[in-house]
Amino acid sequence: MASIEPTDFYLPPYAWDRGFIPWTPTPKQRYFLALKSEEAFFGGSAGPGKTVALLMAALMYVDVPGYSALLLRKHYPQLVMAGGLIDIAKRWLLPAGVQWSEGHSVFTFPESGARIAFGHLTSDDDVYKHQGASYQYCGVDELTENSEFAFRFMFSRLRRTAIQNVPLRMRAASNPGGRGHEWVKARFVDPG
């Protein structure tokens with residue numbers, strides 16, 4: 001990967017300015033966050049901040065009224081364990097006054113009404129829980145734990161609705177291995 005300078009990319013400042021994201025992204029995270037493509041994958045072994053990057057990406061447009069994001073794992077308990085997406089989000093967002101609904105697993109931003117929801121894809125049938133939903137961002141943590149069908153289905157949930165100034169983004173992150181290793185490698189690594 002070429003050298004990346006922080007000034008090379010535009011990142012919406014709102015989430016950082018408001019303290020929703022309490023630290024500066026690493027160069028790899030910054031590169032991932034600044035990608036303009038609809039789909040992107042952050043791979044590698046444990047440690048480079050893949051899970052945190054997914055949450056940062058979800059927070060980038062929370063100032064936009066009507067914005068809706070979804071973060072997924074294979075099993076719900078993985079979201080709430082120490083270091084899981086909900087655990088990190090609570091540490092970042094509750095002190096900033098963002099409202100959390102335990103029963104719905106959703107953060108709601110009081111000023112904009114933007115929402116970040118959390119869910120799971122334990123089986124392929126779980127994708128149908130999102131039928132009819134509209135998200136501008138979907139992030140899947142540990143993608144290799146999921147089927148290609150589930151991942152592809154979630155693209156159908158990326159919709160603009162009335163929001164025109166937010167890019168539709170599907171993001172994923174994963175360690176190597178897992179039941180979906182081969183399809184993830186074929187989709188993101190082998191093409192170069």
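Here, every reference points to the structure presented above.
Residues numbered from 1 in each chain as written. Predicted model: local features only at pLDDT ≥ 70, side-chain atom pairs only at ≥ 80, totals over all residues. Heavy atoms only, no water.

### What about the side chain of T144?
If you trace the backbone, T144 turns up in the loop between β6 (137–141) and α6 (148–155). Within the local environment of T144, its side chain forms a polar contact with the backbone oxygen of G177, the two atoms lying 2.7 Å apart. If sequence neighbours within four positions are ignored, T144 has contacts with S174, N175, G177, G178, R179, G180, H181 and V184. (Helix = DSSP H or I, 4+ residues; strand = E, 2+ residues; numbered from the N terminus. Polar contact = N/O pair within 3.5 Å; in protein donor to acceptor, adjacent residues only side chain to side chain. Contact = heavy atoms within 4.5 Å.)

### A closer look at the packing of aromatic side chains
Enumeration over the complete set of coordinates arrives at 14 aromatic pairs. Ring centres of F149 and F153 lie 6.3 Å apart, and the angle between their planes is 40°; on these two criteria the pair is classed as tilted. Here the residue F149 and the residue F153 both occupy positions in helix α6, the gap between them amounting to four residues, near one helical turn. An aromatic cluster of at least three residues, connected via ring pairs, comprises F41, F151, F155, W183 and F188. (Phe/Tyr/Trp six-rings, centres within 6.5 Å; stacked < 30°, edge-to-face > 60°.)

### Focus on the pattern of salt bridges
If you walk through the whole model with that rule in mind, you get eight salt bridges. Between R73 and E145 there is a salt bridge whose closest N-O contact spans 3.6 Å. Of this pair, R73 sits in strand β2 (residues 68–73) while E145 sits in the loop between β6 and α6, and the two are 72 residues apart along the sequence. The exposure class assigned to R73 is buried, which follows from its relative accessible area of 10%. The exposure class of E145 is partly exposed, given its relative accessible area of 23%. Between R91 and D87 there is a salt bridge, with the nearest N and O atoms lying 3.0 Å from each other. In this pair, R91 and D87 are both assigned in helix α5 (residues 85–93), four residues apart and thus about one turn of the helix distant. Relative accessible area serves as the criterion here: at 22%, D87 is assigned to the partly exposed category. (Salt bridge = Lys/Arg side-chain N within 4 Å of Asp/Glu carboxyl O. Buried < 20%, exposed > 50% of the residue type's maximum accessible area, 1.4 Å probe, protein only.)

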